[in-house]
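# Survey of secondary and tertiary structure
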Amino acid sequence: MKARSDYRILVVDDQKSMRGLATYFLKQIEFQDIDEAENAREALMKMQSKRYDLLLLDWNMDGMSGIDLLRAIRSVPELNQIKIIMATSERSVDKMDEATTNGADHYVVKPYELRDLEVRVKKVLAC
């Protein structure tokens, strides 16, 4: 099993404050290798140069949405090992179902607390 410090995480959110909060929370639970992207295009560019273990992916972003990025990632066999947690302010069961149907490993509702994120990350990464 990997140490938490060995996992590579990409936080994708168009809101700088949410990226900062997610990064802060992840560091609080001992993850160190965390990158940020403000949109799907930037996330895809970062994914070309670095292999990530986990994406914390915002659903509602300008341009390509998080759900569209999720679908794009899941259509590439080389990227299927990446765990993805979708984040959105929408509490709808339909949204949760749509996320998991399209390949999300888990779902978190914003605004989330440290414990909310920790439980999901630990479950998805089994760490």
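Residues numbered from 1 in each chain as written. Predicted model: local features only at pLDDT ≥ 70, side-chain atom pairs only at ≥ 80, totals over all residues. Heavy atoms only, no water.

Naming follows an unreviewed UniProt entry, where the chain appears as Response regulator of Bosea caraganae.

A separate point is the environment of S5. Relative to the helices and strands, S5 resides in the segment before β1 (8-12). Distance from S5 to S92, taken between C-alpha atoms, is 33 Å for residues 87 residues apart in sequence. Sequence-distant contacts of S5, that is, excluding residues within four places in its chain, are made with E30 and Q32. (Helix = DSSP H or I, 4+ residues; strand = E, 2+ residues; numbered from the N terminus. Contact = heavy atoms within 4.5 Å.)

Before going further, it helps to examine unusual backbone geometry. Negative phi characterises most residues that are not glycine, and trans characterises most peptide bonds. Cis geometry is adopted by the peptide bond preceding P111, which originates at K110 and carries an omega value of -5 degrees. Within the secondary structure, P111 is located in the loop between β5 (106-109) and α5 (114-125). With phi around 75 degrees, E30 is a residue other than glycine that occupies positive phi space. The phi torsion at A126 lies on the positive side, around 55 degrees, for a residue other than glycine. Following the sequence through the fold, A126 ends up in the segment after α5. The exposed category is assigned to A126, whose relative accessible area is 53%. (Buried < 20%, exposed > 50% of the residue type's maximum accessible area, 1.4 Å probe, protein only.)

This part covers the environment of Q15. Residue position: Q15 is located in the loop between β1 and α1 (16-28). Put simply, Q15 and S65 are 50 residues apart on the chain and 13 Å apart in space, counted from C-alpha to C-alpha.

Turning our eyes to something else, we now look at the pattern of salt bridges. Considering all chains together, one arrives at 15 salt bridges under this definition. Between D105 and R74 there is a salt bridge, with the nearest N and O atoms lying 3.0 Å from each other. One end of the pair, D105, is in the loop between α4 (93-101) and β5; the other, R74, is in helix α3 (residues 66-74), with 31 residues separating them in the sequence. Judged by its relative accessible area of 32%, D105 is partly exposed. Close ionic contact of E118 with K122 constitutes a salt bridge, the shortest N to O distance being 3.9 Å. Highlighted residues: E118 and K122, both in helix α5, separated by four residues, approximately one helical turn. Classification of E118 as buried rests on a relative accessible area of 16%. Connected through salt bridges with shared partners, the residues R8, D33, D35 and K50 form a single ionic network. (Salt bridge = Lys/Arg side-chain N within 4 Å of Asp/Glu carboxyl O.)

Below, the discussion takes up the packing of α1 against α5. Direction vectors running N to C along α1 and α5 enclose 65 degrees, while the axes themselves pass 10 Å from each other. Between α1 and α5, the interaxial angle falls into the category roughly perpendicular. Relative to α5, the crossing made by α1 is right-handed. In contact with A22, F25, L26 and Q28 of α1, α5 contributes L114, L117 and V121. Taken together, the residues of the contact of α1 with α5 sort by class into six nonpolar, one polar and no charged. (Axes fitted to C-alpha atoms, helices over the stretch in contact; angles between N-to-C directions. Parallel < 35°, antiparallel > 145°, perpendicular 65-115°, else oblique. Left-handed = near helix turned anticlockwise from the far one by under 90°. Nonpolar A, V, L, I, M, F, W, Y, C, P; charged D, E, K, R; others polar.)

Under the feature "modified residue: 4-aspartylphosphate" (unreviewed entry), the UniProt entry names D58. With respect to the helices, strands and loops of the structure, D58 is situated in strand β3 (residues 54-58). Judged by relative accessible area, which is 3%, D58 ranks as buried. Contacts of D58, omitting those with residues within four sequence positions, involve V12, D13, D14, G66, M86, A87 and K110. (UniProt positions renumbered as here; feature names shortened; annotations may be inferred.)

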